[in-house]
Every structure is written in C-alpha cells, then in structure tokens.
Amino acid sequence: MQELDQWKEHISHLLNVANDYIREIPSDQLYAAAAIAVFTTLILLLLRFFKRAKSNTIVLTGLSGSGKTVIFYQLKDGSTHQGTVTSMEPNEDTFILHSETLKKGKIKPVHIVDVPGHSRLRPKLDEYLPQAAGTVFVVDALDFLPNCRPASEYLYDLLTKGSVVRKKIPLLILCNKTDKVTAHTKEFICRQLEKEIDKLRASRSAVSDADVTNEFTLGVPGEPFSFKQCSNTVTTADASGLTGEISQLEEFIRQHVKP
Amino acid sequence: MLEQLLIFTRGGLILWSCKELGNALKGSPIDTLIRSCLLEERSGAASYNYDAPGASYSLKWIFHNDLGLVFVAVYQRILHLLYVDDLLAAVKREFSQVYDPTRTVYRDFDEVFKQLKIEAEARAEELKKSYSNPVVVNGNRKNQVTWKGDGSEGKRNGTGGGGGGGLKNDGDGKNGVKSESDRDGDRFVVANGNNNYGSNLKSNGGNGNGNVSVNGKDNDSLNNGAFDVNRLQKKVRNKGGNGKKTDTGVTKAEPKKLVKKNRVWDDKPKETKLDFTDHVDVDRDADVDRKVDYLAKEQGESMMDKDEVFSSDSEDEEEEEGDDAGKNSNKVDAKKKGWFSSMFQSIAGKANLEKSDLEPALKALKDRLMTKNVAEEIAEKLCESVAASLEGKKLASFTRISSTVHTAMEEALVRILTPRRSIDILRDVHAAKEQRKPYVVVFVGVNGVGKSTNLAKVAYWLQQHNVNVMMAACDTFRSGAVEQLRTHARRLQIPIFEKGYEKDPAVVAKEAIQEASRNGSDVVLVDTAGRMQDNEPLMRALSKLIYLNNPDLVLFVGEALVGNDAVDQLSKFNQKLADLATSPTPRLIDGILLTKFDTIDDKVGAALSMVYISGAPVMFVGCGQSYTDLKKLNVKSIVKTLLK
C-alpha cells in the first residue's frame, strides 16, 4: 500500500511538472502542434482508405491452353496479334480497355494480370491474389470434358485460398471459345464443375494434416455443393477470345473496377 | 529445311514468325517444348525432340533474358541442320535491335531474316564443302574459327582469326581470283575470303562481336550483285593491304603458324581436331593467361581439378568468413576491381549479367546443393538452367549477384517440386469406384528401401478414409516377404491375396485384381520384389506385370538416403520399363514415395534429384516406423532446407 501511495505521489508530481512546462509554452505553439498531429493522422488514414478502395487488379487464371493470353491481348489491344504460345511468365499491364479508348472523359485504367496456367507456375498466383479486385477463371468450353477434373481442382484451390475467402474476391467463370459450334454451354460447364468440386470436397478434407494448403472448406456440409454457397460471388459468362467477343467480361471488369 | 522460326515473349505472345517458311507444323511442338522442357528447368539442354504422328521435329532455342524473348527454330529431325544455332544467334542479335516492348508487329523483319538465313546457309554449305574440296579447306578452317566464337570470347577469336588471316592472305587471294575465273559455284569461297577480311578488320579494332555484321554486309553485296570483277579485284587488293596491317600486329605468331598450316595440309580428315590445337597455339602466343581460362570454358575443367579448386575455395571461405556464396563472389570481384568500384557497381546496378559474373555464385550454389545430397549431375543441370535464365539480364541496383542467383534458383526449385499432375489419390480412388473397378497401385523399387512397410502405411491411411483396401503379395521371390505382408494385413485387419512363392508375380497380381473386383475392394496395393535397376530378367518381369495389369498408379519407392544413385535408379527404372514393354505406349513411373525421410536431417536432396529426373511428383513421404508416419511433401520447407 505504501508503495502504491508513493507511486501516486510520484505521478502527481510528474503531472505538475508537465503542467508547468506546458504553461511555459505559448498557447499558439500548442495549438499548432495539436493541429499538425491531427492533420497527419487524418492524411494517413485517408491514404490508407484510398489505397484499399483503389485496387484495380483483375487476375486472369485458368488451365494452360484455355486462352488467357489471347483474352489479355483482346482487352488490351483488341487483337490477338499473331497468336500465342504457352506462357512462361505472367503478363501484366495497366491500361484502359481497348473498347473504351474511343470514349471521352477520364477513365480509370485497369491493372490486368494473366497468370500462366501451367501447374508448375501456379505458385505465382499467390503474389497477385491478395490485391485483386476480381478474378476471372477461364475455362475452355470446347475441350471441356477431358479437362474437367484438372479445371475443377484448380478452381477448388482458388476458391479455398485464404485471400479469396477472407476478402470475398468476386469470381467470374468465363467459358471461352464459344464461337465454335461444339462448345458446351455455360450452364452445363457450371453444373459439371459443381459436381466435381462436390467430390473434391470429400477427398480433400480427408487429406492428412501435414498438408496445410487449403485452410478453408467450401460450401455447406451435407448439401451438394453449388457456387451460391461460396462466401464470394461466383458468376458465369461466355466469351470468345479469338473473335473478340468479350463484352460480358468487360462488364464484369467495369463492375468491380469503376471507370 | 527449316520448318519454322518463332520469336515470342516469355509471356507467350508471338511477335514474329516466318511467313515464308509457313509450313503448318504437325501437332504443337512449341507448346510441348515450353511445357515439358523450358518449364521443367531443362533449358540448359541443347535441343529438344518432338514426336507427333507423321512428323518428328527437332527444336532449338535461345533466350534473350534482358528483353524476355525466346527464339525457337523447328526443323525435321532427319536433317541435321548445322546452321540453326548460328542462325538463331544472328536472329537474336538483329531482332533485339529492333525490339520495342510496345510494338507487336514486325513485318520489316522478314527481309532481315531472309538475309540472315541465306548467310547461315552459305556458311553451312561451306562447312560441308570443306569435307569434299581440299583447296577450300584452308579458308574454311579459318572461317570456322571465326564463327565458333560467341560474344564473351570474341576477343580471343578475333586475334586467332586475325593471325590466321594475316598469314594466309596470299593463299586466299589466289583462291578468290581462281574461283572468280572458274565457276559460279565457288562464289562462296570468295565470300569466305571476304569474311576473313572483315573479321580481321574488326578484330584489329578490338571488337570481336561486331565481325558478324560486317560479314553480313560483305557477303550480301557479293551475293546480291552480279559478279563484278573489278570490285572483286579491288577487294582482293584491299585485303592484301589489310593483311599487311595484321601482319605487323601479329608478327609474333608467325613462326608457329607455318607449322600449323603444314599440318592441316597433310591430314585433312582430322581437320577439326587440328583446329582445336590451333586454337591453343594461337592462344599460347597471344596470351597465356587467357588460354587457361578459355580451355576451362571450352571443355570444362577436369573433375580432379574442379574438386580441388573447389574444396580449397570453400575452405578459405569458411576460415575467413564462414559465410555463403555472396561473400565469395564479392571477394572475387573485389580482388579484380577494388572495393570502391564494386561498391559503386552494387549501387548503380550492373549493366548486363554475363556468364563469367554468374559463375562464382553458381559454383557455390551447386556446392551447397551437393552438400544437401542432390545428385551432382542434377545440381549441374540446374545451375546451367539458372544461368541460361539469368544471362544477359540487368542486375537491379542494391542487389548482389549472389542474391539474384539465389532467388532465381529458389524459383526454379519451387517450380520443379510443385507437382505437375494431381496427387490427390483419394479423388482418383473415388473416380475408379464410380466405374466399379479397383484402383491398382504397384509399388516398385530397389531392395530394402521399404516397399512393404510403406505399403502398409498407405493401406492404413486409405483405411482411415473409408476405403476398402486389399493387399497383393506379389513378392514371390524373397523368402519371408509374404509372411511379412501377412503380418501387416493381420494387424490392420485388411484382406490379403497370396499365392505363396515361386509363382509368376504378374499372374498373381492379375488374380488379385480379379478377386478384388469380386469382393468389392476399392484399392489393390501390389507389393513387388525389390530389384536392382540393372537386373534385366527381373526388370523384364516387372515390365510384364505392369503391362498385364495396367495399374492406375506405378509408385516408385526410393529412400531419401540415396545420393548420386537416385538418378541412376530412377532413370534406369523408367528406361527399362519403356524398353522392355511390349506395348507401344509404355507405362512409366507415375509417382514417388520417399522413405526414411526421418533419418536424413537436412540432406533432403534426394527428393529433388528424383523429381527432376523422372518428372513424377513425390506423393508420400515416409518418416518413421509406425503406421501413421506418412506425410505429404512440403515444397516450401524442402526448398528452404535445400538453400539454407
């Protein structure tokens, strides 16, 4: 008890000293100092707020050969140039969508990243996901059935990534190559993917404890999986990279990166 | 003929392809090349063979790392095109001058390419002729010398070519005149003389790199224009004048040259070999120090030397600093350039990384990988691949070469160890279940690596996830093997299929699978006898077993203790399975089970060796004696340990 009193005395003494000290300083200076402190904190807060709101990154993912690079260049230049080969490195650029170049006024550019689909390069995805405003999962609608399982595995990994779940990054399943007659419809593809993911859910959750890649589970246990159960919004759209029919994709991009 | 030549960015956009060649390629050789070669860290290799129905191509490639460009040439494999490397290098040089990241169309490059191709073909023609026409040998040999060189050795080359050219001017002049009066076909001999003249000129100027472009112009003017005797004579005269100039420059070299010349004339079939000695001779005359350097580069150090230099180097390092490669490389730098300039360099960022800059860091990295039990061959290949991906790149400011190399290697390792195919066995099991047939896993491997033990662990793991497992004792060779498996089966309450010893394992496996589909087992785990990879009869038996039963998964069981032998084991297993298979599409190893992982501390290199050599992922890691000691490979931690 004595100690406590001693402490109290000590503190009050210190306060007195501080008070005296403050009184010595002219009040103008004090106000100025307080104003500066308030101002800087405000600016810092604002900066942070803007930074979060400013995210304009759209990530293109999907299996190798689904047409991501073609779509990337369609968005950028409106042409496929002379064709593409398998990417070895991500393509990324910040630009105004090609279809909007004719519009007047100031348009906010979009930062688009095309991450290679080769399974060995998938770790690169983690670099871009945390800052993404939206992800586009490109599916080859023409050659879908043979690639259904790898595609759904990739999609499962994507949907259970921590950054996607936590930030609720919206996802667009883009069925590419729909200009071909034999291409599957997006409804069919969506259903098949849901079915596959439902099965994956069973086997993945059984994977031994040492594996820590998937820290979140998908959907509601006991119910068949559907994309509606995801915490983030999942939509589907058609596109054709070769013919340049990508209006639905552009809509999605502008929905999440306001012009 | 050349089928196709492509220039594309690492991002995958084709910038330029040869319209003229424009033959439709069968299959997609380029995509296959990228997927199965360049992305598998095999880009250090010289060429890649692609087989498609109705076509077999060879592909060669070259990187421009600073601009992020890839140049790929495709040609029919049966034609051994000698000029492809040469052409690619020329295309790379020319294209990098016109390249602009914002531009995507390069129509005007067609012309340049046409010219480059003609030149390259002419040079190849020359090489071929040198075997048939003894008169040309002389000029040709020189030509070869000039053209072999790459940028880094340009200087050395220049002096070599210059010396030779200066000496033999007379002979060449005669050659030229003769051919001019003789035939049209010998036109290239003249061009050749000019080539040398060009290189002489340039090398005297001290710029070995530039000689090619000068060549190009000369050659071109000669090829395009009709035969202008006047001009030619003037050229010959010019050459004479120039030759004198060179003579004064390289007088020292003269006496030896004469001897060398005689040698060439005497035995011309061994020409290339002599060529080699020529190099050395010239070098000795020109610069003794450089010779050693050059030899090491050209042929690789002898193993003995390499080891010695290496160990002493690393000892020094430990004594003085006990630090990593970075210090080592910096030390070398510092010795050469002094403290201040190296400091300045690290702040300003170095212009372009050259192979010689990377070498010390890579060597240290290779050493480190090898101390982690990575097979020597694989460490070497990896370093080559990393070097290929860094050469020509700009070093960012405030970074050291060693750290750049380190990050590049880390990326490469992650890429290798990340599985290419899905390793979700349970998903596959469920898929097989839907088709109402058992999922068959065959365990293969060398003796004593722990096949049966880990088979039991896998069985236990599957059982934990409500899968009906059955074991098949197909080790009908080693006494006690069946009993061992039976014990495991009893402890785990798993049915076992056994037929005793001295039976054909392929037949036993077949019956086991039939039995499994009858009693509704989902998975059949087939235990086989351990065998050395060199044992032909046993490997044949294994091949038969796999062919007959067509398992869903061939799991190679390898122990993590293995070092250099890992390469031999896996490559031979794969090779034998491919060679001895009776079907046209042989089954290879699909996955790897790494055992005894708890006994190796940080020497995890075997995992890397095995994955690199087979391309198959590590599906399980066995790390103890009990049934629960089965893990998945953690790629990140392995990479961290490897580079620690």
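Everything numeric in this text was worked out from a predicted model, so none of it was measured.

Enquirer: Help me understand the interface of chain B and chain A, please; the structure alone is not making it clear to me.
Expert: Many analyses report the size of an interface as the accessible area lost when the parts associate. Taken together, the contact pairs 41 residues of chain B with 33 residues of chain A. Carbon and sulfur atoms supply 53% of the area that chain B and chain A bury against each other, a total of about 3,300 Å² over both sides. Looking only at chain B, the three residues that lose the most surface to chain A are Arg10(B), Leu13(B) and Arg427(B), adding up to 19% of its buried area. Linking chain B to chain A there are five salt bridges.

Enquirer: Help me understand the UniProt feature "domain: SRP54-type proteins GTP-binding" (unreviewed entry) in chain B, please; the structure alone is not making it clear to me.
Expert: Annotation from UniProt places "domain: SRP54-type proteins GTP-binding" (unreviewed entry) at residues 617-630 of chain B. With 0% helix and 43% strand, residues 617-630 of chain B has its two end C-alpha atoms placed 15 Å apart.

Enquirer: I tried to follow the environment of Ile638(B) on my own but got confused; where do I start?
Expert: Residues and elements named next belong to chain B. Inspection of the secondary structure puts Ile-638 in helix α25 (residues 635-642). Of the residues examined, Ile-638 reaches a relative accessible area of 3% and is grouped as buried. Ignoring any residue separated from it by four or fewer positions in sequence, one finds Ile-638 in contact with Leu-417, Phe-597, Val-604 and Leu-633.

Enquirer: Help me understand the sheet that holds strand β2 (residues 91-95) of chain A, please; the structure alone is not making it clear to me.
Expert: Whether parallel or antiparallel, the strands of a sheet pair through hydrogen bonds between backbone atoms. Residue and element names in this part refer to chain A. If you trace the six strands from one edge of the open sheet to the other, you get β2-β3-β1-β4-β5-β6, paired in mixed fashion. Both outer strands of the open sheet, β2 and β6 (234-238), are each paired with one neighbouring strand and no more. Strand-to-strand twist in this sheet, taken as the mean axis angle between neighbours without regard to direction, amounts to 20°. Sheet topology note: the strand β4 (residues 132-140)/strand β5 (residues 171-176) ladder contains six bridges and is parallel. Of the residues in β5, the one forming a bridge with Phe-137 is Ile-173.

Enquirer: Mind showing me how you'd approach the packing of helix α17 (residues 401-417) of chain B against α25(B) here?
Expert: The axes of two packed helices give the description: the angle between them and the distance between them. All names here are of chain B. Two elements in contact, α17 and α25, have axes separated by 10 Å at closest approach and are oriented at 140°. Relative to α25, α17 is oriented oblique. Relative to α25, α17 is oriented so that their crossing is right-handed. Each of Glu-410, Leu-413, Val-414 and Leu-417 in α17 lies in contact with α25, whose residues at this interface are Val-635, Ile-638, Val-639 and Leu-642. When the residues that make up the contact of α17 with α25 are grouped by side-chain class, the tally is seven nonpolar, no polar and one charged.

Enquirer: Teacher, can you tell me more about the packing of helix α21 (residues 505-519) of chain B against helix α22 (residues 536-549) of chain B here?
Expert: Residues and elements named next belong to chain B. Packing of α21 against α22 leaves a shortest axis separation of 8 Å and a crossing angle of 25°. Compared by their axis directions, α21 and α22 come out roughly parallel. Handedness of the α21/α22 crossing: right-handed. Counting all contacts with α21, which are made through Pro-505, Ala-506, Ala-509, Lys-510 and Ile-513, the residues of α22 involved are Lys-544, Leu-545, Leu-548 and Asn-549.

Enquirer: Is there a simple way to explain helix α16 (residues 376-390) of chain B in this structure?
Expert: For an α-helix, the turn length of 3.6 residues means that residues three or four places apart are oriented alike. Residue and element names in this part refer to chain B. For α16, which comprises 15 residues, the first-to-last C-alpha distance of 21 Å matches the rise-based estimate of 21 Å (1.5 Å per residue) to within 8%. Residues Ile-378, Ala-379, Leu-382, Cys-383, Ser-385, Val-386, Ala-387, Ala-388 and Leu-390 constitute the buried set of α16. Looking at the buried residues of α16, the elements they touch are β4 (55-64), α15 (355-371), α17, α23 (565-579) and α24 (605-614). Trailing α16 by a residue or two, Gly-392 shows a phi angle of about 90°, which is positive.

Enquirer: Before we go on, may I ask you to explain the sheet that holds strand β7 (residues 469-473) of chain B in this structure?
Expert: All names here are of chain B. Pairing in this open sheet of eight strands is mixed, and the strands run β8-β7-β9-β6-β10-β11-β12-β13 from one edge to the other. In the strand order of this sheet, the two ends are held by β8 (496-497) and β13 (630-631), each with one partner. Together, β6 (439-445), β7, β9 (523-527), β10 (553-559), β11 (591-595), β12 (618-622) and β13 form the strand contacts of helix α19 (residues 451-464), whose direction differs from that of β9 by roughly 170°.

Enquirer: What exactly am I supposed to notice about the packing of aromatic side chains here?
Expert: Within a pair of aromatic rings, the relevant descriptors are the distance that separates the centres and the angle that separates the planes. Inspection of the entire model under this criterion finds 16 aromatic pairs over all chains. Note on Trp16(B) and Phe109(B): the rings are 5.1 Å apart at their centroids and 85° apart in plane angle, and the pair reads as edge-to-face. Pair noted here: Trp16(B) is in strand β2 (residues 14-17) and Phe109(B) is in helix α3 (residues 109-132), with a separation of 93 residues, a long-range link. For Phe109(B), a relative accessible area of 2% corresponds to the buried category. Arranged with centres 6.2 Å apart and planes meeting at 35°, the rings of Phe95(B) and Tyr99(B) form a pair that is tilted. There is no split in this pair, since Phe95(B) and Tyr99(B) are both buried. Three or more aromatic residues joined by ring pairs form one cluster here, namely Trp16(B), Phe71(B), Phe95(B), Tyr99(B), Tyr106(B), Phe109(B) and Phe113(B). Lying across the ring of Tyr154(A), Arg122(A) places its NZ or CZ 3.9 Å from the centre. One residue, Arg10(B), lies across the ring of Phe63(B), its end atom 5.4 Å from the ring centre.

Enquirer: Sorry, what's going on with α19(B) here?
Expert: All names here are of chain B. With 14 residues, α19 should reach 20 Å at 1.5 Å per residue; the first-to-last C-alpha distance of 20 Å fits that figure. Extensive coverage of α19 is indicated by the burial of ten of its 14 residues. Just beyond α19, the residue with positive phi is Asn-466, at close to 60°.

Enquirer: What should I look at first to understand the side chain of Gln192(A) in this one?
Expert: Residues and elements named next belong to chain A. When you line up the elements, Gln-192 lands in helix α7 (residues 186-205). For Gln-192, a relative accessible area of 18% gives the class buried. Leave out the neighbours within four places in its chain, and Gln-192 touches Phe-144 and Cys-148.

Enquirer: What is the right way to look at the pairing of strand β3 (residues 110-114) of chain A in this model?
Expert: Remember that side chains alternate between the two faces of the sheet whenever the strand is regular. Residue and element names in this part refer to chain A. Within β3, five of the five residues are buried, which leaves the element mostly enclosed by the surrounding structure. Taking every second residue as pointing to the same face, both faces of β3 are buried, with Val-110, Ile-112 and Asp-114 on one and His-111 and Val-113 on the other. Where strand β1 (residues 57-62) meets β3, four bridges bridge the pair, whose relative direction is parallel. In the strand pairing of β3, Ile-58 is matched with Ile-112. In this sheet, β3 lies alongside β2 in antiparallel orientation, the contact comprising five bridges. Among the inter-strand pairings, Glu-92 is bridged to a residue of β3, identified as Val-113.

Enquirer: Is there a simple way to explain the pairing of strand β1 (residues 2-9) of chain B in this structure?
Expert: Residue and element names in this part refer to chain B. Among the eight residues that make up β1, eight are buried, leaving the element largely enclosed by the rest of the structure. Sheet topology places β1 next to strand β5 (residues 69-76); seven bridges connect them, and they run antiparallel. Residue pairing for β5: Leu-6 is matched across the bridge by Val-72. In this structure, β1 lies alongside β2, joined through three bridges in antiparallel fashion. Pairing of Phe-8 across the sheet is with Ile-14, part of β2. What sits between the antiparallel neighbours β1 and β2 is a turn of four residues, in which Gly-12 has the positive phi angle 110°.

Enquirer: Would you take a moment to explain unusual backbone geometry for this structure?
Expert: Backbone phi values are negative for most residues with the exception of glycine, while trans is the configuration of most peptide bonds. Positive phi, close to 55°, is recorded for Lys168(A), a residue that is not glycine. Positionally, Lys168(A) belongs in the loop between α6 (162-167) and β5. The backbone of Glu502(B) sits at a positive phi, close to 65°, despite the residue not being glycine. By the secondary structure assignment, Glu502(B) is in the loop between β8 and α21. We classify Glu502(B) as exposed; its relative accessible area is 74%.

Enquirer: In this structure, what is going on with the pattern of salt bridges? I would like to understand it.
Expert: Two side chains of opposite charge can pair, provided their charged atoms sit close to one another. Going through the model one piece at a time under the given rule, you end up with 33 salt bridges over all chains. When the shortest N-O distance is used, the salt bridge between Glu89(A) and Arg10(B) registers 2.7 Å. Here the residue Glu89(A) occupies a position in the loop between α3 (68-77) and β2, and Arg10(B) occupies one in the loop between β1 and β2, the pair thus bridging two chains. Judged by its relative accessible area of 29%, Glu89(A) falls in the partly exposed class. Between Lys161(A) and Asp126(A) there is a salt bridge; the shortest N-O distance is 3.5 Å. Taken together, the residues Lys161(A) in the loop between α5 (148-159) and α6 and Asp126(A) in helix α4 (residues 125-128) connect sequence positions 35 residues apart. On the basis of relative accessible area, Asp126(A) is assigned to the partly exposed category, the value being 37%. Shared partners join several salt bridges into a network, and the residues in it are Glu196(A), Lys199(A), Arg427(B) and Glu434(B).

Calculation rules
- Residues numbered from 1 in each chain as written.
- Chains lettered and ligands numbered in written order.
- Predicted model: local features only at pLDDT ≥ 70, side-chain atom pairs only at ≥ 80, totals over all residues.
- Heavy atoms only, no water.
- Contact = heavy atoms within 4.5 Å.
- Buried area = accessible area lost by both parts, 1.4 Å probe.
- Salt bridge = Lys/Arg side-chain N within 4 Å of Asp/Glu carboxyl O.
- UniProt positions renumbered as here; feature names shortened; annotations may be inferred.
- Helix = DSSP H or I, 4+ residues; strand = E, 2+ residues; numbered from the N terminus.
- Buried < 20%, exposed > 50% of the residue type's maximum accessible area, 1.4 Å probe, protein only.
- Pairing = 2+ DSSP bridges.
- Axes fitted to C-alpha atoms, helices over the stretch in contact; angles between N-to-C directions.
- Parallel < 35°, antiparallel > 145°, perpendicular 65-115°, else oblique.
- Left-handed = near helix turned anticlockwise from the far one by under 90°.
- Nonpolar A, V, L, I, M, F, W, Y, C, P; charged D, E, K, R; others polar.
- Expected span 1.5 Å × (residues − 1).
- Phe/Tyr/Trp six-rings, centres within 6.5 Å; stacked < 30°, edge-to-face > 60°.
- Lys NZ or Arg CZ within 6 Å of the ring centre and 35° of its normal.

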